[in-house]
Amino acid sequence: MRWFDIYRKVPKDLTQPTYTGAIISVCCCLFILFLFLSELTGFIATEIVNELYVDDPDKDSGGKIEVNLNISLPNLHCELVGLDIQDEMGRHEVGHIDNSMKIPLNNGDGCRFEGHFSINKVPGNFHVSTHSATAQPQNPDMTHVIHKLSFGDKLQVHNVHGAFNALEGADKLSSNPLASHDYILKIVPTVYEDMSGKQRYSYQYTVANKEYVAYSHTGRIIPAIWFRYDLSPITVKYTERRQPLYRFITSICAIIGGTFTVAGILDSCIFTASEAWKKIQLGKMQ
């Protein structure tokens, strides 16, 4: 059965040690160590895989989306500030006050509005205005700064970068005080699934905006800050994964085998060239 042995001994004339071979061996070991540590880091770390599909991911939400709004109006009194909500299902709510808070600014001359409310998963709008005030001001100043506008759960994942708070820092303090502001939002459902299979539901959005002073046949229309939204049928899903163990082992074997194979070829070429050069030198000396 000796003929079946695939690990035959290498002839002695092929095992002659050389300084070049030693240098190549040391370089190979260092190179293998570097690649091994790189593969190990990639194996330990998780990767985020994203995909797109058409569906409503959060079917247990009751057809609702949670909204978080934080906006400052430095030149409008808090008693004038209100939130109104409308949509295509017939909802028309003026002066929404549940889960909301008004914080006076600039010695009471301004207001910071913070609200947490829900909207239906149909096209609609919510707007900050003076419509719910008992008496309308003559010249309401709608200049503002948006600190936060987000939908759904908050995702704090290092490898996921998206437009979850696209209007953060929007500054309209230099705008016409009597102008209305329209923010047109396209909301994209987003799902994040971690290693344990737990899913969190959030929403990204794109935004376009315009500002204008509106008039009707009775005169100037009271300005407001409008957030008009529509939902995209496309859902973005991020899945947290780790490289399979078999793939890691395969990579390590390929690194070791490939490195030593290339090193053997390189050493053989150098050794052959060296021997040929020695023979040429001996021929010249004779």
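Residues numbered from 1 in each chain as written. Predicted model: local features only at pLDDT ≥ 70, side-chain atom pairs only at ≥ 80, totals over all residues. Heavy atoms only, no water.

Participant: Where do I start with the overall build of the protein in this structure?
Facilitator: The helix and strand tally for the protein stands at two helices and 15 strands. Out of the 286 residues belonging to the protein, those deemed buried represent 36%. In the protein, the proportion of contacts linking residues at least 24 apart, taken out of those at least 6 apart, comes to 81%. A total of about 17,700 Å² of accessible surface is found on the protein, and carbon and sulfur atoms cover 59% of it. (Helix = DSSP H or I, 4+ residues; strand = E, 2+ residues; numbered from the N terminus. Buried < 20%, exposed > 50% of the residue type's maximum accessible area, 1.4 Å probe, protein only. Contact = heavy atoms within 4.5 Å. Areas by Shrake-Rupley, 256 points an atom, 1.4 Å probe, with all protein chains shown as cover.)

Participant: For this particular structure, what's the right way to read the layout of surface pockets?
Facilitator: The rolling of a water-molecule-sized probe over the atoms marks out the regions of remaining empty space. Taken as a whole, the largest pocket encloses approximately 190 Å³ of empty space. Top contributing element to the lining of the largest pocket by residue count: strand β8 (residues 145–152), with four residues. Taken together, the residues of the lining of the largest pocket sort by class into three nonpolar, five polar and four charged. (1 Å grid on protein atoms, 1.4 Å probe; cavity = no way out; pocket = protein on both sides within 12 Å on 5 of 7 lines; lining within 4 Å. Points joined across faces, edges and corners; volume = space filled by probe spheres on them. Nonpolar A, V, L, I, M, F, W, Y, C, P; charged D, E, K, R; others polar.)

Participant: I'm lost on the state of the cysteines in this one. Help?
Facilitator: Within this structure, the stated rule accounts for one disulfide. A sulfur-sulfur separation of 2.3 Å characterises the disulfide bridge that pairs Cys78 with Cys111. Around the S-S axis, the bridge from Cys78 to Cys111 shows a dihedral of about 100° and counts as right-handed. In this pair, Cys78 is assigned in the loop between β2 (64–73) and β3 (82–87) and Cys111 in strand β6 (residues 110–120), connecting sequence segments 33 residues apart. The exposure class of Cys111 is buried, given its relative accessible area of 0%. For the unlinked cysteine Cys27, the closest cysteine sulfur is that of Cys28, found at 7.1 Å. (Disulfide = S-S within 2.5 Å.)

Participant: For this particular structure, what's the right way to read the pattern of salt bridges?
Facilitator: One side chain can pair with another of opposite charge once the charged atoms of both are near each other. This model, assessed by the stated rule, comprises five salt bridges. Note that Glu93 and Arg91 form a salt bridge whose closest N and O atoms lie 3.1 Å from each other. The shortest N-O distance in the salt bridge between Glu193 and Lys237 comes to 3.1 Å. Taken together, the residues Glu193 in strand β10 (residues 180–193) and Lys237 in strand β15 (residues 234–242) connect sequence positions 44 residues apart. Judged by its relative accessible area of 15%, Lys237 falls in the buried class. (Salt bridge = Lys/Arg side-chain N within 4 Å of Asp/Glu carboxyl O.)

Participant: Can you help me understand unusual backbone geometry in this one?
Facilitator: Apart from glycine, the bulk of residues carry a negative phi angle, and the bulk of peptide bonds sit in the trans form. Of note in this structure, Asn99 is not a glycine but carries a positive phi near 55°. Position of Asn99 among the secondary structure elements: in the loop between β4 (92–93) and β5 (100–105). The class for Asn99 is exposed, based on a relative accessible area of 59%. The backbone phi angle of Asn107 is positive, close to 60°, even though this residue is not glycine. Its place among the elements puts Asn107 in the loop between β5 and β6.

Participant: Could you clarify how one ought to interpret the packing of aromatic side chains in this entry?
Facilitator: The tally for this structure, following the rule as stated, stands at five aromatic pairs. When the centroid spacing of 5.2 Å and the interplanar angle of 20° are considered together, the rings of Phe126 and Phe227 count as stacked. Of this pair, Phe126 sits in strand β7 (residues 124–129) while Phe227 is found in strand β14 (residues 225–231), placing the two residues 101 residues apart along the sequence. Assessed through its relative accessible area of 0%, Phe126 is described here as buried. Ring centres 5.3 Å apart and planes at 15° place the aromatic pair Tyr183 and Phe227 in the stacked group. Of the two residues, Tyr183 sits in strand β10 while Phe227 sits in strand β14, which places them 44 residues apart along the sequence. (Phe/Tyr/Trp six-rings, centres within 6.5 Å; stacked < 30°, edge-to-face > 60°.)

Participant: Please explain the pairing of β5 as it appears in this structure.
Facilitator: Within a regular strand, the side chains alternate between the two sheet faces. In this structure, β5 lies alongside β6, joined through six bridges in antiparallel fashion. Each residue of the ladder has a partner; that of Ile103, found in β6, is Arg112. Counting the residues that bridge the hairpin from β5 to β6 gives four residues, and of these Asn106 lies at a positive phi of roughly 55°. (Pairing = 2+ DSSP bridges.)

Participant: So what exactly am I meant to see when it comes to a nonpolar patch on the surface here?
Facilitator: Together, Leu33, Phe36 and Leu37 make up an exposed nonpolar region whose accessible area comes to about 260 Å². Structurally, the position occupied by Leu37 is in helix α1 (residues 19–44). (Patch = residues over 30% accessible without salt bridge, like charges linked within 9 Å, V, L, I, M, F, W, Y side chains within 5 Å.)

Participant: Which parts of the structure should I look at to understand the environment of Gly63?
Facilitator: As for its position among the elements, Gly63 is in the loop between β1 (46–54) and β2. Residue Gly63 is classed as partly exposed on the basis of its relative accessible area of 32%. Remark: the alpha-carbon pair of Gly63 and Lys121, spanning 58 residues in sequence, is separated by 5.5 Å. In contact with Gly63, other than residues within four places in its own chain, are Ile119, Asn120 and Lys121.

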